[in-house]
Each structure stands twice: as C-alpha cells, then as structure tokens.
Amino acid sequence: MTQRLTDKPISIATDHRGVVLKERLKAWLLANGYSVKDCGTDSGAERVDAMDYALQLVSEVKASRSDFAIGICGSGQMMAITANRFPFMRATLIHTADESLGARQHGDANMLVLGADTIAADDAEHILKTFLDTAALGDRYAARRERLAKLDISQA
C-alpha cells in the first residue's frame, strides 16, 4: 500500500439498495487499516432516501471529521447530485478504477460514489483502493481546482 492520504476515518453511507456493498467496503477498509465512520443505513428492509445519507456524508467532510466519503445508492446518481450542491464537495460517480484514478489526480475528488445496482463488489473494492491510493496532481490541475472552488453557482 502507498502512503496514506488521510489518517481520519473514511465516512461511508448508503440508502437501502447499497447495504450489502457498504458492509463489504467497510470490511475492506478495516482490513486495510482504515478507520470507518458508518453514517447508515443499516438495513435494506425499509426504503430510505439516498439524499438524507449524502447530507450526512457532507456534514462529516464539512466538519473535517473525514477527508474522504463513500456514498452508495442504487445508481449512485442521487448521492453525487446531492453532495455536489456544496462547493467543498467533489463527489464523483465511478464505474472503473481508471475513472477513479483520473477523478483523484485531476479533480482531487473527496467523495467516491458507487451504484450498488451497477457495479460488482470486487470491482468496487478495486475502485476504492485506487481512489484512496491516488494523490491529486499539481500544476494545471491544481489551478483548475482552485478555479472550481471559486465558482459562485448562485450567480449562474
């Protein structure tokens, strides 16, 4: 394993459709020496709204209790859309390890979003490993991220 990008807990949350994948990724994180903040849900038996769990992840990052978050829902869309409403969040819906590499290197993504209905658990583990092992690049990518952080979406 490469040098860790964070010593803080990795926050993870899901709606009812991603409980099984969340538990598998939590086990992977713990087995690889990460601490985990589980923001729910714990049961797939009852329908819950992914937006509520995305907001819990956002609050963990905003409060600096976590540097990275993992959001899971059926398609991943609602987790990503909700989190990206906040200027300090850089949530990215990922389907491959190569996408994960680019999201971290170029965009300094701080939230990995996965679709429980669209990705195999083995692939999700590989994506997560790549996400957590990849540092953001500097130079033009850092300048782009600074520009992104200064965008005022209320004026669009």
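Starting afresh in each chain, residues are numbered from 1 along the sequence in its written order. Totals for whole chains, interfaces and linings use all residues, but because this is a predicted model, local features are given only for residues with pLDDT of at least 70 and pairs of side-chain atoms are given and counted only at 80 or more. In computing side-chain values, all of the structure's heavy atoms are included and hydrogens and water are not.

Asker: Looking at this model, I keep getting lost on the nonpolar core. Mind explaining?
Answerer: Taken as a class, soluble globular proteins show a tendency for nonpolar side chains to be buried jointly. Nonpolar cores are built from buried Ala, Val, Leu, Ile, Met, Phe, Trp, Tyr and Cys residues. Side-chain atoms within 4.5 Å join them into one set. Working definition: with a 1.4 Å probe on protein chains only, accessible area under 20% of the residue-type maximum means buried, over 50% means exposed, and in between means partly exposed. By size, the foremost hydrophobic cluster in this structure holds 22 residues, and its most contacted members are Leu25, Leu29, Ile70, Ile72, Leu114, Leu128 and Leu132. Under the scheme used here, helices are H or I runs from DSSP no shorter than 4 residues and strands are E runs no shorter than 2 residues, and both carry numbers assigned from the N terminus. Mapped onto this core, the elements with two or more residues apiece are β1 (10-14), α1 (19-31), β3 (69-73), β5 (111-115) and α5 (121-133). Take this core: its biggest share by element is five residues, from α5. Only heavy atoms matter for contacts: two residues are in contact if any of them lie within 4.5 Å across the pair. For isoleucine 70, the residues in contact, after removing those within four places along its chain, are Ile10, Ser11, Ile12, Ala13, Leu25, Leu29, Leu57, Leu112 and Leu128.

Asker: How should I be thinking about the pairing of β1 in this particular structure?
Answerer: Consecutive side chains along a regular strand alternate between the two faces of the sheet. Of all the five residues making up β1, five are buried; the element is thus mostly covered by neighbouring parts of the structure. Side chains Ile10, Ile12 and Thr14 of β1 all project onto a buried face; the interleaved residues Ser11 and Ala13 project onto the opposite face, where all are buried too. By the bridge criterion, three bridges tie β1 to strand β2 (residues 36-38) in an arrangement that is parallel. Following the sheet pairing, isoleucine 12 is matched in β2 by aspartate 38. With strands facing away from the observer, any crossover in which the path from the first strand over the helix to the second runs clockwise is taken as right-handed. Note on the crossover from β1 through α1 to β2: the handedness is right-handed. A pair of strands is considered paired only if DSSP assigns at least 2 bridges between the two.

Asker: How should the pattern of salt bridges be read in this particular structure?
Answerer: Two side chains bearing opposite charge may form a pair once their charged atoms approach each other closely. Should a side-chain nitrogen of Lys or Arg be within 4 Å of a carboxyl oxygen of Asp or Glu, the pair is scored as a salt bridge. In this structure the tally under the stated criterion is 13 salt bridges. One salt bridge in this structure joins aspartate 108 and arginine 90, with 3.5 Å as the shortest N-O distance. With a gap of 18 residues between them, aspartate 108 in the loop between α4 (97-107) and β5 and arginine 90 in the loop between α3 (77-83) and β4 (91-93) connect regions that are remote in the sequence. Beyond isolated ion pairs, a larger network of salt bridges with shared partners links Lys22, Glu23, Lys26, Asp38 and Asp42.

Asker: Is there a simple way to think about the pairing of β3 in this case?
Answerer: Where burial is concerned, most of β3 is hidden: five out of the five residues are buried. Burial along β3 is two-sided: Ala69, Gly71 and Cys73 and Ile70 and Ile72, pointing in opposite directions, are all buried. Two strands pair when backbone bridges link them, and β3 and β5 are joined in this way by five bridges, in the parallel orientation. Following the sheet pairing, isoleucine 72 is matched in β5 by leucine 114.

Asker: What is the right way to read the packing of aromatic side chains from this model?
Answerer: Think of a pair of aromatic rings as described by two things: how far the centres are apart, and how the planes are tilted against each other in angle. Stacked, edge-to-face and tilted labels apply to pairs of Phe, Tyr and Trp rings (six-membered ring for Trp) whose centres lie within 6.5 Å, assigned for plane angles under 30 degrees, over 60, and everything in between, in that order. Evaluated as defined, the whole model comprises three aromatic pairs. On the numbers, 6.4 Å between centres and 20° between planes, the contact of tryptophan 28 with tyrosine 34 is stacked. In terms of burial, tryptophan 28 and tyrosine 34 fall into one category: buried. Both rings, one in phenylalanine 86 and one in phenylalanine 88, keep their centres 6.0 Å apart while their planes meet at 50°; by these two values the pair is tilted. Put simply, a charge is over a ring when the Lys NZ or the Arg CZ is close to the ring centre, within 6 Å, and near the line of the ring normal, within 35 degrees. Stacked on the ring of tyrosine 34, the Lys or Arg arginine 4 has its end atom at 3.9 Å from the ring centre. When the ring centre of phenylalanine 131 is taken as reference, the NZ or CZ atom of arginine 104 above it lies at 5.7 Å.

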